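Structure at a glance
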Amino acid sequence: MHVALRLILLLALCSGVARAHAAVADWVRQLATGDNSAKAEAIDGLGASGETVALPILQALQDGALHATPDGTVLVIDERGNAADAMSGAAVLSVPEGTEKISINNRLRRQLGAALSGLKLFAQDVQLRLNAARALQENAGEELLPLLDKALAKEQEPAVKDALLIAQAKINLSSADAAKRLSAVRALANSSSGAVKTTLLAMAQRNADGSFAEPDAEVRHAAHMAARNIDTRIKRSELLGHAFSGVSLGSVLLLCALGLAITFGLMGIINMAHGEMLMIGAYATYAVQIVFQKYLAAHVDWYLLAAVPAGFLLAALVGMVLERSIIRHLYGRPLETLLCTWGISLILIQIVRQVFGAQNVEVANPSWMSGGIAMSSGLVLPYNRIVIIAFAAVVVLLVWLLMNRTRLGLYVRAVTQNRTMADCVGVATGKVDTLTFGLGCGIAGLGGVALSQIGNVGPELGQSYIVDSFMVVVLGGVGQLAGTIIAATGLGVVNKFLEPYAGAVLGKILVLAFIIIFIQRRPQGLFAMKGRSVEA
Amino acid sequence: MITQRLLTTRAWGVVIAVALLLIVLLPAANVFLPVDHSLHISTYAIALLGKIMCYMIVALAMDLIWGYTGILSLGHGLFFALGGYAMGMHLMRMIGREGQYQSDLPDFMVFLDWKEYPWYWSFTEHFWYAALLVVLVPGALAFVFGFFAFRSRIKGVYFSIITQALTFAAMLLFFRNDMGFGGNNGFTDFKRVLGYRIAEPATRATLFAITAMVLLGAFLLCRYLVTSKFGRVLTAIRDAESRVMFSGYNPLWYKLGVWTFSAVLCGIAGALYVPQVGIINPSEMSPANSIEIAIWTAVGGRGTLIGAIVGAGLVNGLKSWFTVAFPEYWLYALGALFIVVTLYLPNGIVGLVRKRARPAAATPAAAAAQGGNA
């Protein structure tokens, strides 16, 4: 492009901006000098200008901070007495004699509110724009329509654009023109808001005198259909929300129960200290976070990656030591194992209490895990939940590979199925026991790392999950990893779908009651082991 | 003679002596001797001992079901709490208008803005109805639950785990304010029982003596049960259930019978516990409490009855001492107790004593058959 041409364009642009500024300055001057009706005109003018500079001025007017000097300059004077020029924002050191506050009455105040929310549509901040658009959805008059058109033309953010469209349609709904109302109803059918649905349904209602609130039959029909559309959309988004939180809870349960499915399901050890392995994993995460904060502050966001192996190894180590020193002597005495491991859990809890204190410790989500994916319908899928679902899937995959594709897995299965025979063909059963138990505890440690990201980390963390974990394993069927996966996900989803009807606590009680009854019907769980080991 | 079947002459002597001490001498020493007398028993000691005697009854119930029948229940805390709640309902009604809000309703109901008692509170103002509930509620729950569980032949750890789930679910349920059982706080601030003020030393001493009598009665009744043919079948079920079935017995009714009886015993213990301790809340139903009951029995020695009593006394005595002297080390001690007993003392303290006395007859089954707490 030719340089001169560019220069001319730039000049034109500048003059455009300058002209807009000049208009704002004119209105502001009118505010300072005019009577009430002139002020009203000025407020409307400023509101309709769509200029960002007008926003702080109107805001100041609302806050009673806008002052006029005798020579017609307008100043913003805040509570501490600092004065600044309203147009340029430059500080004014000495406020001239005779400066007076620009007063407004109630009628102006109302007008000011509408003008302000209109102006906020052009603010820099997306959230501010969205809030303004939502505010306009609730109460806006026809006079704001041109402003909305202007904002719609400029808007890039889809969420705000949607909100604006709804606001526009809601204004059009009260238009006298039936065709305008019809197109507005059609536009509203794309909304997912409950408030819009109520508005649409109200149109189909009869007034006290028997006439319909909406005189035009076609519009009425459209409104009815639109309301139904919205309803399905709301229901679908609710369903999606429940399903997501159900799967998310299921993945948490799965991470808690998967280790138990190995130690209890495959080895037959009733490890009541399993919950404490979760706790160890969570505290390992905490410790890694502290180390990162102290020595690797620059990479603190990635502490979680280091916490995963740390949690696994620490819990596995504790588990292997316990197996070697204590649990080994109790094989074949399940009830004694239960009591003994309970004793171990008490000691582990007390150790943690004395080392880290009885209070919950703070484990922060790394920044890349906070926030979430906002779905169109106001549903937010938090990143930390998504990460945990993915993490659970990866852990399950690894465990499956380990069990079915490695020599250790082969040994584990062999020892589970026939210990004596495995011993005879040269499997070091004792070593396999230790490793398997360590693996189960290590997976619990991974579960603890995940739990630390969504809940409180305290010494009693494990206690609250131990009953759930056992329920999952028993429901899924002992000795079956697949059963555990299905049971965990199923329980999570059922729990979350019950919650809206029964409340969180009652829902959990119902699920527990269901499992208790289910076990009576099918003592072997969902997936019964076939073969001789059943009776053992 | 039935007395001889129950205990040896020497054992009778010991039991009667201990019973006399607990039922007559200790309460009397608390009420009638002046405070500065060297033989005076403090009210604190009476309260503590009274509480421990309630635990002893629970331990007896546990020994019946675990020690003799081989079923480890992790839900006995629930039956204990249910008995306690049934008695607590009556005691709450007996507060009358002496509560903080001076209302006919208990404070927690006033707080929830309830206008009248829910239906399941009806008739609880009558002591005998409440006493009936103490027996019926745990008994009925145990019967229904046990019937389905035993009929499906749920055994061993599975049974333990679902009883734990049961008490856990009940705990969550009782934590809810809408249940009408006081939520978190449960029942407390009792004023009088059967017209007597609970805070009076004489009332406390009487409650203590009653608890001691119930303990004695429960012990003798359990002793009677385990020395009867019924008891023999229970032991046989513990040692070889399939063989019992093949011999023509249906284990269901034996198990169900002893399970229900055990639950009722726990309920009665709970009912005695509440007026003496002065509070009942859902934490009594927490899984940890129920597991602790098992360790009392294990410490003393399973399948001996007397071991359950000794174990409950010892562990709770230790607990009271530890939680005052070294509060932060109690869990270590308790945990170590769990580990040591399961690893090294399968027959508990009674087993240890017997091994010393008669090295030949150390197994609990053999000892129980000989009928002694020698």
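What you are looking at is a predicted structure, and each value in this text was computed from that prediction instead of being measured.

What follows concerns the overall build of chain A. Per the secondary structure count, chain A includes 20 helices and seven strands. In chain A, the proportion of contacts linking residues at least 24 apart, taken out of those at least 6 apart, comes to 69%. Roughly 26,100 Å² of accessible area belongs to chain A as shown, and the carbon and sulfur atoms make up 60% of that amount.

Counting residues at the interface gives 41 residues for chain B, matched by 37 residues for chain A. For the chain B and chain A pair, buried surface summed over both sides reaches about 3,600 Å², with 78% attributable to carbon and sulfur atoms. Notably, a salt bridge pairs B:Arg302 with A:Glu336, separated by 2.8 Å at the nearest N-O pair. Where chain B meets chain A, there are five residue pairs in polar contact (both at pLDDT 80 or more).

The next thing to look at is the domain arrangement of chain A. Annotation of chain A at the domain level lists domain 1 (22-90 + 107-120), domain 2 (123-215) and domain 3 (246-535). One C-alpha centre belongs to domain 1 of chain A, the other to domain 3 of chain A; they are set 62 Å apart.

Bringing the packing of aromatic side chains into the picture now. Scanning the entire structure with this criterion turns up 40 aromatic pairs over all chains. With centroids separated by 5.1 Å and ring planes inclined at 15°, the aromatic side chains of B:Phe150 and B:Phe159 adopt a geometry described as stacked. Like B:Phe159, B:Phe150 is buried. It is A:Arg419 that lies over the ring of A:Tyr331; its NZ or CZ is 5.9 Å from the centre. A cation sits over an aromatic face here: B:Arg93 above B:Tyr117, 3.7 Å from the ring centre.

With that settled, the discussion passes to the pattern of salt bridges. This model, assessed by the stated rule, comprises 15 salt bridges over all chains. The shortest N-O distance in the salt bridge between A:Asp231 and A:Lys235 comes to 3.5 Å. You can see A:Asp231 and its partner A:Lys235 sitting in helix 10 (residues 217-266), four residues apart, about one turn around the helix. For A:Asp231, a relative accessible area of 24% gives the class partly exposed. A network of salt bridges, in which partner residues are shared, links B:Glu98, B:Arg192 and B:Arg197.

This brings us to the nonpolar core. A:Phe264, B:Phe187, B:Trp259 and B:Trp296 are the most contacted members of the largest nonpolar core, which totals 205 residues. Discounting residues that sit within four places of it in the chain, A:Phe264 has contacts with A:Ile269, A:Ile270, A:Phe470, A:Val473, A:Val474, A:Val478, B:Val157 and B:Ile161.

Turning next to the pairing of strand 2 (residues 74-77) of chain A. All names here are of chain A. Pairing between strand 1 (residues 66-68) and strand 2: three bridges, direction antiparallel. Counted as the bridge partner of Leu66 is Val76 from strand 2. Counted between consecutive antiparallel strands, the loop separating strand 1 from strand 2 contains five residues, among which Gly72 sits at a positive phi close to 90°. Hairpin connection between strand 2 and strand 3 (residues 83-85): a loop of five residues separates the two successive antiparallel strands, and Gly81 in this loop has a positive phi of roughly 90°.

Another point: the packing of helix 6 (residues 127-151) of chain B against helix 7 (residues 156-175) of chain B. Residues and elements named next belong to chain B. Between helix 6 and helix 7, the shortest axis-to-axis distance is 12 Å and the interhelical angle comes to 150°. Taken together, the axis directions place helix 6 and helix 7 in an arrangement best described as roughly antiparallel. For the pair helix 6 and helix 7, the sense of crossing is right-handed. Side by side, helix 6 and helix 7 meet where Phe145, Ala149 and Phe150 of the first sit next to Phe159, Ile162, Thr163 and Leu166 of the second. For the contact of helix 6 with helix 7, the residue count by class is six nonpolar, one polar and no charged.

By volume, the second largest pocket amounts to about 910 Å³. A:Ser464, A:Tyr465, A:Asp468, A:Lys508 and B:Phe168 are the residues nearest the centre of the second largest pocket, which is lined by 42 residues in total. For the lining of the second largest pocket, the secondary-structure elements that each account for two or more residues are helix 10, helix 18 (463-476), helix 19 (481-502) and helix 20 (504-521) of chain A together with helix 7 and helix 12 (287-300) of chain B. For the lining of the second largest pocket, the leading source of residues is helix 18 of chain A, giving eight residues. The residue makeup of the lining of the second largest pocket, split by class, is 25 nonpolar, eleven polar and six charged.

Turning our eyes to something else, we now look at the side chain of B:His90. All names here are of chain B. Tracing the sequence through the fold places His90 in helix 4 (residues 76-94). On the basis of relative accessibility, which here comes to 1%, the residue His90 falls in the buried class. With residues near it in sequence (within four places) discarded, His90 still touches Thr124, Glu125, His126, Phe127 and Ala130.

Residue and element names in this part refer to chain A. The antiparallel open sheet is built from five strands, whose spatial order is 4-3-2-1-5. The open sheet has two edge strands with one neighbour each: strand 4 (91-92) and strand 5 (100-101). Bridge count for strand 2 against strand 3 is three bridges, and the pairing is antiparallel. Among the inter-strand pairings, Leu75 is bridged to a residue of strand 3, identified as Asp85.

Attention now goes to helix 4 of chain B. Here helix 4 of chain B is 19 residues long and its end C-alpha atoms lie 28 Å apart, about the 27 Å a rise of 1.5 Å per residue gives. Counting buried positions along helix 4 of chain B gives 18 out of 19 residues, so the element sits mostly inside the fold.

This part is about the state of the cysteines. Scanning the model with the defined rule gives zero disulfides over all chains in all. A:Cys340 carries a free sulfur, and the closest cysteine sulfur to it, the one in A:Cys441, is 13 Å from it.

Moving on: empty space enclosed by the protein. Overall, the coordinates contain three cavities of 30 Å³ or more when judged by the stated rule. Put simply, the largest cavity is a space of about 50 Å³. Going through the elements one at a time, helix 13 (334-356) of chain A together with helix 14 (330-344) of chain B are the ones with two or more residues in the lining of the largest cavity. Taken together, the residues that form the lining of the largest cavity break down as six nonpolar, one polar and two charged.

Counting through the fold element by element, A:Met272 comes out in the loop between helix 10 and helix 11 (274-295). For A:Met272, a relative accessible area of 1% puts it in the buried group. Excluding anything up to four places from it in sequence, A:Met272 contacts A:Leu338, A:Thr341, A:Trp342, A:Ser345, A:Ile466, A:Phe470, B:Gln164 and B:Ile291.

Bringing the environment of A:Arg233 into the picture now. On the secondary structure map, A:Arg233 appears in helix 10. Along the sequence, A:Arg233 and A:Asn190 sit 43 residues apart, while their C-alpha atoms lie 8.9 Å from each other.

Conventions adopted
Residues numbered from 1 in each chain as written. Chains lettered and ligands numbered in written order. Predicted model: local features only at pLDDT ≥ 70, side-chain atom pairs only at ≥ 80, totals over all residues. Heavy atoms only, no water. Helix = DSSP H or I, 4+ residues; strand = E, 2+ residues; numbered from the N terminus. Contact = heavy atoms within 4.5 Å. Areas by Shrake-Rupley, 256 points an atom, 1.4 Å probe, with all protein chains shown as cover. Buried area = accessible area lost by both parts, 1.4 Å probe. Salt bridge = Lys/Arg side-chain N within 4 Å of Asp/Glu carboxyl O. Polar contact = N/O pair within 3.5 Å; in protein donor to acceptor, adjacent residues only side chain to side chain. Domains from an automatic or database assignment. Phe/Tyr/Trp six-rings, centres within 6.5 Å; stacked < 30°, edge-to-face > 60°. Buried < 20%, exposed > 50% of the residue type's maximum accessible area, 1.4 Å probe, protein only. Lys NZ or Arg CZ within 6 Å of the ring centre and 35° of its normal. Core = buried A, V, L, I, M, F, W, Y, C linked by side-chain atoms within 4.5 Å. Pairing = 2+ DSSP bridges. Axes fitted to C-alpha atoms, helices over the stretch in contact; angles between N-to-C directions. Parallel < 35°, antiparallel > 145°, perpendicular 65-115°, else oblique. Left-handed = near helix turned anticlockwise from the far one by under 90°. Nonpolar A, V, L, I, M, F, W, Y, C, P; charged D, E, K, R; others polar. 1 Å grid on protein atoms, 1.4 Å probe; cavity = no way out; pocket = protein on both sides within 12 Å on 5 of 7 lines; lining within 4 Å. Points joined across faces, edges and corners; volume = space filled by probe spheres on them. Expected span 1.5 Å × (residues − 1). Disulfide = S-S within 2.5 Å.

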